[in-house]
Amino acid sequence: EVFTSMTDMSRLLTTEGEMIRAIENYIHAQEEKLNKLRKDLNEMERIHDMAAHSPDDFLANPINAYLLVKRLTVDWADLQDAMTDNSMGKAMLSNLTSMADLLRWPDEEDLNGAATALMRLQDTYNLDTAQLARGQILGKKHAYRELTAADCFELGRQSYNSGDHYHTTLWMTEALSRQEAENNKTVHHADILEYLAFSTYMQGNIRQALQLTDDLLHERPNHQRAMGNKVYYEQALTNQEDSTKKGEENDRLDEEAVDKGYTVSENTFANDAYHRERRSYERLCRGESGLPPKVTSKLHCYYQRGPSDYLKIVPAKAELVHVNPTIHIYHDVLSDQEISVIKALATPMFRRATVQNYKTGELETASYRISKSSWLKAEDSEVVAGVNRRIGSITGLNMATAEELQVANYGLGGHYEPHFDYARREEKDAFKSLGTGNRIATFLFYMSDVDAGGATVFPQINVALWPEKGAAAFWHNLHPNGEGDELTRHAACPVLVGTKWVSNKWIHERGQEFRRPCSLDPEAL
Ligand SMILES: O=C(O)CCC(=O)C(=O)O
Ligand SMILES: [Fe+2]
């Protein structure tokens, strides 16, 4: 799939360039053919006009009479062939298909992925549908044109195909208002109504669904499905009214149960925690919630001159952004040149990023992690080896047991939902093959600025780190006793405008025994 990284998305522009060239050639050939047809027709018309002027005189000549018959048989057949001949179109298509290996063609999955990404951005960043349709994103980089009613309709249709009736309703409503304002209609009013009515019903608004279906039947009285749905919705409405009284009784019983301390649903607790985290995550992504001054007053910047001798000569520009767990940002730790080399080495090996299924231990792709990534070894380049040494100098940790350098590029709306970098106890065989223990710490480089969105956020501790090209974030994932630190749960917010490059180094437990002494006290730092 191409939507999962921006590097692949840019290859689509090459594909589009080839497509434009092929269509241009096709139009040119068709134009020549039409020119010839125009000439033949002019000649036919010239003779016809003369003949029509005095038909008797004209037909008196047997050659004229014969040629008239010939024109309407043989010549007409030739012209028909010429006009229905599609070999040029076929040649153009087969030409483009033969380049299919070189060109990247997005498929239905890509289209759905791209639409889903837009919906994710809309939700996370509270974007208004009408404003989005106008091509406006938080006052940043405007789209080169507005969306047509048909564009909105397609977004609604993609949401519908994903079973997402909430966004179907939003986008079909927008399609409807745009369609009504359009001089040259890009989509049929009734087609929009059909989707909108059904998704409105699925959203639980039966009365509104019925109204929309009536509108649809007004426009298309013989619409089979609408007729069926109308009967169904009317029935559902009657049933609903009947059960309202029962519902009130059930609500009263639920309230009593809560008063008595019973839980209505076993999953309520997990569900609440999920929603709380989700709200915090989204607020942080939008840059809304900050830390209180009580916390931020402890934060500061300084030149870090240890633990290694190297830092005595070239101190690291450290910024303490959180105390417990300790999170540092190091500014200017990666040069633009190093970044170019790392991107160039990584790009040809890019694969869709995977996650470990915690039950089966298998690696698989998941919609909650959308990016492409690859791994670089120290042997790949002196730049990579140098970067590894630098991380060792700054953190004072043993890099021999660390994982290779992972490089990632996020695509359209690319993100990574809240997760731990360390393996939890219940995770099956995580990192077992490495034999180096758990991921004790994370060193995360930002290899690009991001125009909007794309923060790294820690929903449990209200921290948002904004990508800054050349900077890096560093934190320990484990307490000194080896237990995972739950407060390090973090996420990569969807990229709203621009593209995001990161690379991370996961440092492991083995080899750190003398560098970060362990302790039985979970609070020890
Ligand atoms: O891209 C980011 O900001 C965070 C990435 C991350 O958390 C990960 O790859 O584990
Ligand atoms: Fe992570």
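Residues numbered from 1 in each chain as written. Chains lettered and ligands numbered in written order. Predicted model: local features only at pLDDT ≥ 70, side-chain atom pairs only at ≥ 80, totals over all residues. Heavy atoms only, no water.

Undergrad: Which parts of the structure should I look at to understand the overall build of the protein chain?
TA: The secondary structure content of the protein chain amounts to 16 helices and 17 strands. Its C-alpha radius of gyration of 33 Å places the protein chain more than 25% over the 24 Å reference for a compact globule of 525 residues. On the principal axes, the C-alpha backbone points of the protein chain span a range of 115 × 75 × 40 Å. The proportion of buried residues among the 525 residues of the protein chain is 40%. Here the contacts in the protein chain between residues at least 6 apart in sequence split such that 73% fall between residues at least 24 apart. Summed over all atoms, the accessible surface of the protein chain reaches about 29,800 Å², with 54% contributed by carbon and sulfur. Taken as two groups, the 58 positive and 78 negative side-chain charges of the protein chain have centres that lie 5 Å from each other. (Helix = DSSP H or I, 4+ residues; strand = E, 2+ residues; numbered from the N terminus. Rg over C-alpha atoms; globule rule 2.2 N^0.38 Å. Buried < 20%, exposed > 50% of the residue type's maximum accessible area, 1.4 Å probe, protein only. Contact = heavy atoms within 4.5 Å. Areas by Shrake-Rupley, 256 points an atom, 1.4 Å probe, with all protein chains shown as cover. Lys, Arg positive; Asp, Glu negative; His and termini not counted. Charge placed at Lys NZ, Arg CZ, Asp CG, Glu CD.)

Undergrad: Would you mind going over the pattern of salt bridges with me for this structure?
TA: Opposite charge on two side chains permits pairing when their charged atoms draw close. Scanning the entire structure with this criterion turns up 27 salt bridges. For lysine 230, the salt bridge is made with aspartate 214, and the minimal N-O distance between the two is 2.8 Å. One end of the pair, lysine 230, is in helix H11 (residues 224-259); the other, aspartate 214, is in helix H10 (residues 206-219), and 16 residues separate them in sequence. Judged by relative accessible area, which is 24%, lysine 230 ranks as partly exposed. A salt bridge links lysine 312 to aspartate 309; the nearest nitrogen and oxygen atoms lie 2.9 Å apart. Residue lysine 312 and its partner aspartate 309 are both found in helix H14 (residues 309-313); the two are separated by 3 residues, about one turn of the helix. There is no split in this pair, since lysine 312 and aspartate 309 are both exposed. Shared partners join several salt bridges into a network, and the residues in it are Asp8, Arg104 and Lys372. (Salt bridge = Lys/Arg side-chain N within 4 Å of Asp/Glu carboxyl O.)

Undergrad: What should I look at first to understand the site of ligand 1 in this one?
TA: Near ligand 1 there are 13 residues, and of these Tyr410, Thr456, His490, Lys500 and Asn504 occur at the shortest range. At 3.1 Å, a side-chain N or O of histidine 419 approaches an oxygen atom of ligand 1. Within the side chain of asparagine 504, one N or O atom sits 3.1 Å away from an oxygen atom of ligand 1. Look at ligand 1: alone it shows 290 Å² of surface, and the protein chains cover 97% of it. For the shell around ligand 1, the secondary-structure elements that each account for two or more residues are strand S9 (416-419), strand S15 (490-492) and strand S17 (500-508). The element contributing the most residues to the shell around ligand 1 is S17, with 4 residues. Broken down by class, the residue content of the shell around ligand 1 amounts to 6 nonpolar, 4 polar and 3 charged. (Near = heavy atom within 4 Å. Polar contact = N/O pair within 3.5 Å; in protein donor to acceptor, adjacent residues only side chain to side chain. Nonpolar A, V, L, I, M, F, W, Y, C, P; charged D, E, K, R; others polar.)

Undergrad: Would you mind showing me how to read the packing of aromatic side chains here?
TA: The description of an aromatic ring pair rests on the distance of the ring centres and on the angle between the ring planes. Across all of its chains, the model carries 14 aromatic pairs by this definition. Centre to centre, the rings of tyrosine 160 and phenylalanine 198 are 6.2 Å apart; their planes meet at 65°, and the pair counts as edge-to-face. Taken together, the positions of tyrosine 160 in helix H7 (residues 149-161) and phenylalanine 198 in helix H9 (residues 189-202) put the pair 38 residues apart, joining distant regions of the chain. By way of ring pairs, the aromatic residues Phe153, Tyr160, Tyr195, Phe198, Tyr201, Tyr232 and Tyr233 are connected into one cluster. Just above the ring of tryptophan 506 sits the side chain of arginine 439; from NZ or CZ to the centre is 3.7 Å. A cation over a ring is seen here: arginine 489 above phenylalanine 420, with NZ or CZ 4.9 Å from the ring centre. (Phe/Tyr/Trp six-rings, centres within 6.5 Å; stacked < 30°, edge-to-face > 60°. Lys NZ or Arg CZ within 6 Å of the ring centre and 35° of its normal.)

Undergrad: What is the right way to look at the environment of histidine 419 in this model?
TA: Here histidine 419 is to be found in strand S9. A C-alpha to C-alpha distance of 5.4 Å links histidine 419 and arginine 489, two positions 70 residues apart in sequence. There is a polar contact of 3.1 Å between the side chain of histidine 419 and the side chain of aspartate 421.

Undergrad: Any chance you could explain the side chain of histidine 419 here in plain terms?
TA: With a relative accessible area of 10%, histidine 419 lands in the buried category. Polar side-chain contacts of histidine 419 include one of 2.9 Å to the backbone oxygen of glutamate 417.

Undergrad: When you look at the sheet that holds strand S1 (residues 301-304) in this model, what are you seeing that I'm missing?
TA: Think of a sheet as strands paired side by side through backbone hydrogen bonds, with each pair either parallel or antiparallel. Spatially, S1-S2-S3-S14-S10-S17-S8-S7-S4 is the arrangement adopted by the 9 strands of the open sheet, whose pairing is antiparallel. The sheet is open, and its two edges are formed by S1 and strand S4 (351-352), each paired on a single side. Where strand S10 (residues 439-446) lies against strand S14 (residues 472-476), 5 bridges are found, and the strand directions are antiparallel. In the strand pairing of S14, phenylalanine 445 is matched with alanine 472. Against the sheet, helix H16 (residues 382-395) contacts S1, strand S2 (316-322), strand S3 (327-331), strand S7 (372-376), strand S8 (405-410), S10, S14 and S17, and its axis sits at roughly 120° relative to S10. (Pairing = 2+ DSSP bridges. Axes fitted to C-alpha atoms, helices over the stretch in contact; angles between N-to-C directions.)

Undergrad: Mind showing me how you'd approach the side chain of glutamate 174 here?
TA: Residue placement: glutamate 174 occurs in helix H8 (residues 165-181). Classification of glutamate 174 by relative accessible area gives buried; the value is 11%. Look past the residues within four positions of glutamate 174 in its chain and what remains in contact with it is Thr129, Ala130, Ala133 and Cys152.

Undergrad: Where do I start with the coordination of the iron ion (ligand 2) in this structure?
TA: Metal coordination angles in their ideal form are 109.5 degrees for the four-donor tetrahedron and 90 or 180 degrees for the six-donor octahedron. Bound to the iron ion (ligand 2) are the protein donor atoms His419 (NE2), Asp421 (OD) and His490 (NE2), situated 2.1 to 2.2 Å from the metal. In terms of primary sequence, the donors binding the iron ion (ligand 2) are separated according to H-x1-D-x68-H. Residue aspartate 421 is located in the loop between S9 and S10, and its partner histidine 490 is located in strand S15; the two are separated by 69 residues in the primary sequence. Across the pair, histidine 490 and aspartate 421 agree in class, each one buried. (Donors = N, O, S within 2.8 Å, 3.2 Å for Na, K, Ca; no water.)

Undergrad: Which parts of the structure should I look at to understand the sheet that holds S15?
TA: Taken in spatial order, the 4 strands line up as S9-S15-S12-S13 in an open sheet, and their pairing is antiparallel. The sheet is open, and its two borders are formed by S9 and strand S13 (463-465), each paired with just one other strand. Each strand axis lies, on average, 15° off the axis of its neighbour in the sheet, ignoring direction. Both S9 and S15 contribute to a ladder of 2 bridges, which runs antiparallel. Among the inter-strand pairings, tyrosine 416 is bridged to a residue of S15, identified as alanine 492.

Undergrad: Hey, could you run me through the pairing of S8 in this one?
TA: The side chains of a regular strand alternate between both faces of the sheet. For S8, a buried count of 6 out of 6 residues is recorded, marking the element as mostly surrounded by other parts of the structure. Burial along S8 is two-sided: Leu405, Val407 and Asn409 facing one way and Gln406, Ala408 and Tyr410 facing the other are all buried. Looking at chain direction, S8 and S17 are connected through 5 bridges and run antiparallel. Among the inter-strand pairings, alanine 408 is bridged to a residue of S17, identified as valine 502.

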